[in-house]
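# Breakdown of the fold
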Amino acid sequence: FTLIHQDMNERITIDTDISFIHSAQKLFNSTGNREYVSGIAVAEIKREAGMAAGTFQTTLKQLGIRPGGMSKYCIGMAITVPGIPYNNFKPTTLKIERSSYA
């Protein structure tokens, strides 16, 4: 879902209950490489460059939740494609595993 700030040029997209499936598996109607990520939310804040932190970002910081970068596409590939090198994404996938209660 997306939240749009009424006064600032800022929007926040929040993804929950994310699932990944490798497209080659999808072509063969197999769910063998489908992975679900439950129990976490991925929030993406979009705003003009140079804008001060909004209420959402300030609240996250007060709660001790720090920003981190990730590509949902790359993470999905790393966890669904056997044998793919994923060392660059290992810290993020481990963080997701620790945070998820899937």
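Before reading further, recall that the structure is shown in the block above.
Presented here is an overview of the structure given in this document.

Parameters and conventions
- Here the residue numbers are simple positions, counted from 1 along each chain's written sequence.
- Side-chain atom pairs in this predicted model are given and counted only at pLDDT of 80 or more, local residue features only at pLDDT of at least 70, and totals for whole chains, interfaces and linings cover all residues.
- Excluding hydrogens and water, the side-chain values take into account all heavy atoms of the structure.
- Each cavity reported here is a set of points on a 1 Å grid over the protein atoms alone in which a 1.4 Å probe fits but cannot get out, each pocket an open set with protein on both sides within 12 Å along at least five of seven lines, and each lining residue one with an atom within 4 Å of a point.
- Grid points are joined across faces, edges and corners, and a volume is the space filled by probe spheres set on the points.
- In this description a helix means any DSSP run of H or I spanning at least four residues, a strand means any run of E spanning at least two, and both kinds are numbered starting from the N terminus.
- What makes two strands pair is DSSP finding at least two bridges between them.
- Summary of the burial criterion: residues with accessible area below 20% of their type's maximum are buried, those above 50% are exposed, and those between are partly exposed, where the area comes from a 1.4 Å probe applied to protein chains only.
- Residue contacts follow a heavy-atom distance rule, with two residues in contact if any of their heavy atoms lie within 4.5 Å.
- To get an axis, fit a line to the C-alpha atoms, keeping to the stretch in contact for a helix; angles then go from 0 to 180 degrees between the N-to-C directions.
- Three residue categories are used. Nonpolar comprises Ala, Val, Leu, Ile, Met, Phe, Trp, Tyr, Cys and Pro, charged comprises Asp, Glu, Lys and Arg, and polar comprises the others, including Gly.

### Let's talk about empty space enclosed by the protein
- Within the structure shown, the criterion is met by 1 cavity of 30 Å³ or more.
- As a volume, the largest cavity reaches approximately 40 Å³.
- As for the largest cavity, its lining consists of Ile18, Phe20, Val37, Ile40, Val42, Met70 and Ile96.
- Those elements that place two or more of their residues in the lining of the largest cavity are strand E2 (10–21) and strand E3 (34–47).

### Focus on the pairing of E2
- For strand E1 (residues 2–4) and E2, the ladder comprises 3 bridges, and the chain directions are antiparallel. Its bridge partner being in E2, threonine 2 is matched across the sheet by threonine 13.
- The hairpin turn running from E1 into E2, its antiparallel successor, is 5 residues long.

### Brief notes about the side chain of glutamate 10
- Structurally, the position occupied by glutamate 10 is in strand E2.
- According to the relative accessible area criterion, glutamate 10 is buried, its value standing at 6%.
- Once you skip the residues sitting within four places of it in the chain, glutamate 10 turns out to touch Leu3, Ile4, His5, Ile45, Lys46, Arg47, Met51 and Gly54.

### Quick word on the sheet that holds E2
- An order of E1-E2-E3 is seen for the 3 strands of this open sheet, with the pairing classed as antiparallel. The open sheet has two edge strands with one neighbour each: E1 and E3. Pairwise comparison of adjacent strand axes, ignoring direction, gives a mean angle of 10° for this sheet.

### As for the layout of surface pockets
- Estimated volume of the largest pocket: approximately 900 Å³.
- Contributing to the lining of the largest pocket are 26 residues, with Ala41, Ala43, Arg66, Pro67 and Gly68 lying nearest its centre.
- Of all the secondary structure elements, the ones that give two or more residues to the lining of the largest pocket are E2, E3, helix H2 (55–62) and helix H4 (90–99).
- With 7 residues, E3 is the largest single contributor of residues to the lining of the largest pocket.
- Of the residues belonging to the lining of the largest pocket, the class tally is 12 nonpolar, 8 polar and 6 charged.

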